[in-house]
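Observations on chain architecture
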Amino acid sequence: MDSFRIAIVQSKRDPYNCRLNTEKGLKIVREAKRREADIVLFPECWITGYEFPDFDKDLPLKEIERMPEYQQWFSRSLDEGSPYICRFCELAKDLQIGVVITGFTRGRSRPQNSAFVINRNGKIILKYSKVHTCDSAGERLLESGSDFKVCDFDGVKIGIMICYDREYPESARILMLKGAELILVPNDCGAMFPRVQALSTRAYENMTGVAMANPPGENAGCSCAFSPIVWDEKGLPVDNRIVLADGMTEAVYIAEYDLRRLRNYRSHEMMGNTFRKVEAYAELLNDEIKEPFIRKI
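Attention in this report is confined to the structure presented alongside it. All values reported here derive from a predicted model rather than from experimental measurement.

Tracing the chain through its elements places Ile158 in strand 7 (residues 156–160). For Ile158, a relative accessible area of 0% gives the class buried. Between the alpha carbons of Ile158 and Arg87 there is a distance of 22 Å; along the sequence they are 71 residues apart.

What follows is the structure, encoded as structure tokens:
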């Protein structure tokens, strides 16, 4: 495979209707196939919606979990055998296309925020659950994932991180260390300008492609894709943007990566895992939180 085409979905979904979101998503997959995409990247929590029960922030989680409203919300969580997930698997197989589909899924005791990577044969080859949940907001009701994962899709190494994961450079760095060539980012948030800049940096510093799908809206949207290639053959800086959407347009954007050029660049440039001095990194594993970073949850 010399090139890899990602269909980046910048589209709205219903807050609560899994059936409607699934039907809309399947139509988007068909459109992506007509446009010769290799894989379709949906925003965060596409099937289930990204809405949370409205509870008093001061209530302890154990008390919230006993409430009927919470139990109803929890009951909508998906698993790999969910009929909605199965519909995407079936269509992926029929059309011979990959899909990254998302939603709230069943964790050990609470829902997780997850993405499934489905291959061209309709098989789930990776389930990733968001590690960096936004614990200061509604995601305090979620169970965090515990590791970052990479899968092989048609010989292309793909890693996933979800929304708030991208705020921490360690997320993309670990995916790079695990072999990711492309990092796909389901997303659902606003205030996108600095976040888009950060994704460009993640691509540059790890020598990986990075693509992000975000729903449109006021101060939102800005779905994007970046190449890791920031210098040309003469060493002159180049713009590494492949796609950068506006905030409001609802559309599917195609980001095409030249894999031969990307792999050649990764084979000789000096970022990624080339000359890191890891013996100086021990403090990264220190979990103590000090001022000014202490927050009340």
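Okay, back to it.
Right, let's talk about the pairing of strand 6 (residues 150–153) for a bit. What you see with strand 6 is a clean split: Cys151 and Phe153 sit on the buried side and Val150 and Asp152 on the side with no burial. In the sheet, strand 6 pairs with strand 7 via four bridges, with the strands oriented antiparallel. By the bridge assignment for strand 7, Asp152 is matched with Lys157. What sits between the antiparallel neighbours strand 6 and strand 7 is a turn of two residues, in which Asp154 has the positive phi angle 55 degrees.

A few words now on the sheet that holds strand 6. The strand order across the open sheet formed by six strands is 6-7-8-9-10-11, and the pairing between neighbours is mixed. In this open sheet, the two strands that pair with only one neighbour each are strand 6 and strand 11 (241–244). The average angle at which neighbouring strand axes cross in this sheet is 20 degrees, direction not considered. Pairing geometry for strand 7 and strand 8 (residues 182–186), over three bridges, is parallel. Residue pairing in the sheet places Gly159 in a bridge with Ile183 of strand 8.

Parameters at a glance
Residue positions are counted from 1 within each chain, in the order its sequence is given. The predicted origin of the model limits local features to residues at a pLDDT of at least 70 and limits the giving and counting of side-chain atom pairs to 80 or more, whereas totals for whole chains, interfaces and linings rest on all residues. Neither water nor hydrogens contribute to the side-chain values; these are computed over all heavy atoms in the structure. The helix and strand labels rest on DSSP assignments: H or I over at least four residues marks a helix, E over at least two residues marks a strand, and numbering proceeds from the N terminus. For each residue, the accessible area found with a 1.4 Å probe, counting protein chains only, is set against the maximum for its type, and the residue is called buried under 20%, exposed over 50%, and partly exposed in between. Only strands joined by at least two bridges in the DSSP assignment are considered to pair. Angles shown run from 0 to 180 degrees and are taken between the N-to-C directions of axes, each axis being a line fitted to C-alpha atoms and, for helices, limited to the stretch in contact.

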